[in-house]
Amino acid sequence: LTQVTVRSLVWWIDVPGDLRKGDVLDLLVEPRDGAEPVVQAVRYKSGKTGQTYRAYRWKAPGSAHARYYLPTGEELEQRLKDAPLDDYEQVTSLLRDGRGHQGVDFRTPIGTKVKAPFDGTIGRKNWNLRSNGNSLELIEDGGAKRTALFLHLSATSVNPGQHVRRGEVIADSGNTGHSFAPHLHYQMRSPSAPVLDPFKTHPTYR
């Protein structure tokens, strides 16, 4: 339940750095046998910011997944422009969630199409299979020479040395390697930074 709750809190504060004694957290939780609980609503009063944050889970008509929404009607989660996925269920890990994770995890069904976020050349493929599973490395043409890593894929449709364009399908998401549930691990770096936060590197929107 803590891990599921943190997925909401990280969009408002840094966890655990911004937590304070006396903060108030209220949850509306749906327990599920054999599966992680579903948080239907969350309200968090922060002693550091002095604000009270709220979010509510709702599935919009025609949407494939339920998402969390602010009282204003905006989505809680930010989205990436030129993202590797057109759609996904939830962001389950961020760099700022206190877990020491170096990438972003997008929960999505096996077989979801993975796209190149920028023009580039395929570097490594399927290294460290035991931990990464099927994986790809994409090196940006020009610009900041960013490198994007895609891990736990079910299949890939490109090979090292191949040039791809932004938005081109390069793989299918999966659950291979050291992975406990279907998701895409998306990681970025550059020659000047071993770890880049995609939510600071990509333009974002809600």
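Structure first, text after, so check above.
Just so it is clear, the model here is predicted, and its values are computed rather than measured.

Draft legend 1. Quick look at the sheet that holds strand β2 (residues 35-45). Read from one edge to the other, the open sheet built from four strands follows the order β1-β2-β3-β4, with strand pairing classed as antiparallel. For this open sheet the edge positions go to β1 (24-32) and β4 (67-69), each flanked by a neighbour on one side alone. Each strand of the sheet is rotated relative to its neighbour by a mean of 30°, with strand direction disregarded. In this sheet, β4 lies alongside strand β3 (residues 52-58) in antiparallel orientation, the contact comprising three bridges. In the sheet register, Trp 58 faces β4, and the bridge partner there is Arg 67. Helix-sheet contacts for helix α1 (residues 2-9) involve β1 and β2, and the interaxial angle to β2 is about 45°.

Draft legend 2. Local environment of α1. Most of α1 sits out of view: six of its eight residues are buried. Within the sequence span of α1, burial applies to Val 4, Thr 5, Val 6, Arg 7, Ser 8 and Leu 9. Residues of α1 that are buried make contact with β1, β2, β6 (90-93) and β7 (104-107).

Draft legend 3. Molecular detail of the nonpolar core. The biggest cluster of nonpolar side chains holds 43 residues, and the ones touching the most others in it are Trp 12, Val 91, Phe 106, Val 114, Leu 136, Phe 150 and Ile 170. For Val 114, the contacting residues outside a window of four places in its chain are Pro 84, Leu 85, Phe 150, Leu 153, Glu 168, Val 169, Ile 170, Ala 171, Asp 172, Ser 173 and Leu 184.

Draft legend 4. Broad picture of the packing of aromatic side chains. A complete count under the given rule lists five aromatic pairs for this structure. With centroids separated by 5.3 Å and ring planes inclined at 80°, the aromatic side chains of Trp 11 and Phe 199 adopt a geometry described as edge-to-face. On the criterion of sequence distance, the pair formed by Trp 11 in the loop between α1 and β1 and Phe 199 in helix α3 (residues 198-201) is long-range, its members being 188 residues apart. Relative accessible area serves as the criterion here: at 9%, Trp 11 is assigned to the buried category. On the accessibility criterion, Phe 199 (7% relative accessible area) is buried.

Criteria and thresholds
- Residues numbered from 1 in each chain as written.
- Predicted model: local features only at pLDDT ≥ 70, side-chain atom pairs only at ≥ 80, totals over all residues.
- Heavy atoms only, no water.
- Pairing = 2+ DSSP bridges.
- Helix = DSSP H or I, 4+ residues; strand = E, 2+ residues; numbered from the N terminus.
- Axes fitted to C-alpha atoms, helices over the stretch in contact; angles between N-to-C directions.
- Contact = heavy atoms within 4.5 Å.
- Buried < 20%, exposed > 50% of the residue type's maximum accessible area, 1.4 Å probe, protein only.
- Core = buried A, V, L, I, M, F, W, Y, C linked by side-chain atoms within 4.5 Å.
- Phe/Tyr/Trp six-rings, centres within 6.5 Å; stacked < 30°, edge-to-face > 60°.

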